Amino acid sequence: MPQEFLEIGAIRRAHGLSGQLRVQLHDPQSEALAHLSRVFLGTDLGKGLKCRAIQATNDVGGGMHLVMFEGIADRDAAEAMKGLRLYARREELPPLLADEVYLSDLVGCAVYLPSGESVGTVQKVQSNNGPDLLVLSREGRPEALVPMVPEIVIGIDVGARRIDIDPPDGLLDLDISEPSRRKDPNRKKRAAALAEGAPPAEGALLAEGAPPEVTPPPEVTPPPEVTPPPPETAAPSRKGPV
């Protein structure tokens, strides 16, 4: 059964001193606030929502709106509303186009691959600056994130509670990681050399990440100290008889 209330956005923070609030809508292209005269505020759909009339709204782009709510007249009152979520009654929202769906209606839908294999169930829809993401719960595995782009989400049937996807290779297996291994081009040569009792080829150990064995240079013995000969003493000249 479709939900009566649909979450459309959240209050980010106070703006100025007169009670204005910065409200971020989940759909940046949504014109919901331009059609609504009231919204329902709360922290959770199942915990008492409070109705607030909309006095004024100004679209500042990117899904962000400056909103004045009835009964919020100063910054202190506005600060107290930070973080609250905005909900609207389904029947009060503008009608959907032929290819549009409410994101809230996707929660609980089963997700299938083109082969017919069941992937999981939509736990929630995560809104970001980029495409919305389907958060899939999977039995025995971590959640998977599927971008809501036409190339991947190829079919949505809210009535049948079914979504068909055609994900690129690896998108659903990001939780599976093999230990990284460095390739050793000398592995076979090194193994053969070791089997024959020969020393590994030069660089083989280095390819595995171990430092190569370094042979220290031979010790050099300094030459013995040589004592210089005493200087020669010239013999005194002596004149002989003529």
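In short, a report on the structure. (Residues numbered from 1 in each chain as written. Predicted model: local features only at pLDDT ≥ 70, side-chain atom pairs only at ≥ 80, totals over all residues. Heavy atoms only, no water.)

**Structural notes on the sheet that holds strand β12 (residues 162-165)**
Keep this limit in mind: A strand pair is defined by DSSP finding two or more bridges across the two strands. Only DSSP runs of H or I covering at least 4 residues are called helices, and only runs of E covering at least 2 are called strands; the numbering of each starts at the N terminus. Lines fitted to the C-alpha atoms define the axes, with helices restricted to the stretch that makes contact. Angles between their N-to-C directions range from 0 to 180 degrees.
On the basis of which strands lie adjacent, the open sheet formed by 6 strands has the order β10-β9-β8-β7-β12-β11 and mixed pairing. With partners counted over all chains shown, the strands left at the sheet margins are β10 (141-147) and β11 (153-157), one partner each. If you compare each strand with its neighbour and ignore which way they point, the axes differ by 30° on average.

**Some points on the nonpolar core**
The nonpolar side chains of soluble globular proteins are, as a tendency, buried together. To keep it simple, the criterion reads: Nonpolar cores are built from buried Ala, Val, Leu, Ile, Met, Phe, Trp, Tyr and Cys residues. Side-chain atoms within 4.5 Å join them into one set. Residue burial is assigned from relative accessible area. The probe radius is 1.4 Å, only protein chains are included, and a residue is buried under 20% of its type maximum, exposed over 50%, and partly exposed in between. Contacts: residue pairs with any heavy atoms within 4.5 Å of one another.
Among the nonpolar cores identified, the biggest contains 23 residues, and Ile8, Ile11, Val23, Leu33, Val39, Phe69 and Leu86 are the most heavily contacted of them. Sorting the residues of this core by element identifies β1 (5-15), β2 (20-25), α1 (32-35), β3 (38-42), β5 (64-69) and β6 (85-89) as the ones contributing at least two each. In terms of residues, this core owes the most to one element, β1, which gives 4 residues. In this view, isoleucine 11 contacts Leu21, Arg22, Val23, Leu41, Phe69, Met81, Lys82, Gly83, Leu84 and Leu86; residues no more than four positions away in its chain are not counted. Ranked by size, the runner-up nonpolar core spans 17 residues in total, among them Val111, Val122, Leu134 and Ile165.

**Points about the pattern of salt bridges**
Put simply, the rule reads: When a carboxyl oxygen of Asp or Glu is within 4 Å of a side-chain nitrogen of Lys or Arg, the pair counts as a salt bridge.
Using the criterion set out here, one finds 9 salt bridges in the structure. Linking arginine 85 and glutamate 7 is a salt bridge whose minimum nitrogen-to-oxygen distance equals 4.0 Å. Here glutamate 7 lies in strand β1 and arginine 85 lies in strand β6, a separation of 78 residues in the sequence. A salt bridge links arginine 90 to aspartate 105; the shortest N-O distance between them is 2.7 Å. Separated by 15 residues along the polypeptide, arginine 90 in the loop between β6 and β7 (110-112) and aspartate 105 in the loop between β6 and β7 bring together distant segments of the chain. The structure contains a network of salt bridges with shared partners spanning Arg138, Arg141, Asp173 and Asp175.

**Re the layout of surface pockets**
Just so we agree on the cut-off: Any residue with an atom within 4 Å of a point lines the site, the site being either a cavity, points on a 1 Å grid over the protein atoms alone where a 1.4 Å probe fits but cannot get out, or a pocket, an open set with protein on both sides within 12 Å along at least 5 of 7 lines. Grid points are joined across faces, edges and corners, and a volume is the space filled by probe spheres set on the points. Amino acids are sorted into nonpolar (Ala, Val, Leu, Ile, Met, Phe, Trp, Tyr, Cys and Pro), charged (Asp, Glu, Lys and Arg) and polar (every other residue, Gly among them).
Its boundaries defined by the atoms lining it, the largest pocket holds a volume of some 1600 Å³. Looking at the largest pocket, it is lined by 50 residues, and the ones nearest its centre are His26, Asp27, Val101, Leu103 and Asp132. Elements with a contribution of two residues or more to the lining of the largest pocket: β1, β2, α1, β6, β8 (118-126) and β11. Residue classes in the lining of the largest pocket are distributed as 25 nonpolar, 15 polar and 10 charged.

**Some words on the packing of aromatic side chains**
For any two aromatic rings, the description comes down to two numbers: the centre-to-centre distance and the angle of the planes. The cut-off we apply is this: Here the aromatic set is Phe, Tyr and Trp, taking the six-membered ring for Trp, and pairing holds for ring centres within 6.5 Å; pairs whose planes are under 30 degrees apart are stacked, those over 60 apart are edge-to-face, and all others are tilted.
If you walk through the whole model with that rule in mind, you get 1 aromatic pair. Judged by centre distance (5.0 Å) and plane angle (75°), the ring pair of phenylalanine 5 and phenylalanine 40 falls under edge-to-face. A residue pair is termed long-range when its members are at least 10 positions apart, and phenylalanine 5 in strand β1 and phenylalanine 40 in strand β3 qualify at 35 residues.

**What about the environment of methionine 148?**
Structurally, methionine 148 can be placed in the loop between β10 and β11. With a relative accessible area of 22%, methionine 148 lands in the partly exposed category. Measuring from C-alpha to C-alpha, the distance between methionine 148 and isoleucine 165 comes to 9.3 Å, with 17 residues separating the pair along the chain. Among residues more than four places away in sequence, those in contact with methionine 148 are Leu103, Leu106, Val125, Pro131, Asp132, Leu134, Val153 and Ile156.

**A few points about the sheet that holds β3**
Read around the closed barrel, 6 strands run β1-β2-β5-β4-β3-β6, paired in antiparallel fashion. Between one strand axis and the next, the sheet turns through 45° on average, direction left out of account. For β3 and strand β4 (residues 50-61), the ladder comprises 4 bridges, and the chain directions are antiparallel. Residue pairing for β4: valine 39 is matched across the bridge by arginine 52.

**With respect to the pairing of β2**
Extensive coverage of β2 is indicated by the burial of 5 of its 6 residues. Looking at chain direction, β1 and β2 are connected through 6 bridges and run antiparallel. The residue bridging histidine 15 from the neighbouring strand is glutamine 20, located in β2. Hairpin connection between β1 and β2: a loop of 4 residues separates the two successive antiparallel strands, and glycine 16 in this loop has a positive phi of roughly 75°. Note: β2 against β5, 4 bridges, orientation antiparallel.

**Regarding the pairing of β6**
Among the 5 residues of β6, 4 are classified as buried, and the element is accordingly described as predominantly covered. In this structure, β1 lies alongside β6, joined through 5 bridges in antiparallel fashion. Considered in β6, the bridge of alanine 10 is made with arginine 85. Two strands pair when backbone bridges link them, and β3 and β6 are joined in this way by 3 bridges, in the antiparallel orientation. Across the sheet, the residue bridging to leucine 41 is leucine 86, located in β6.

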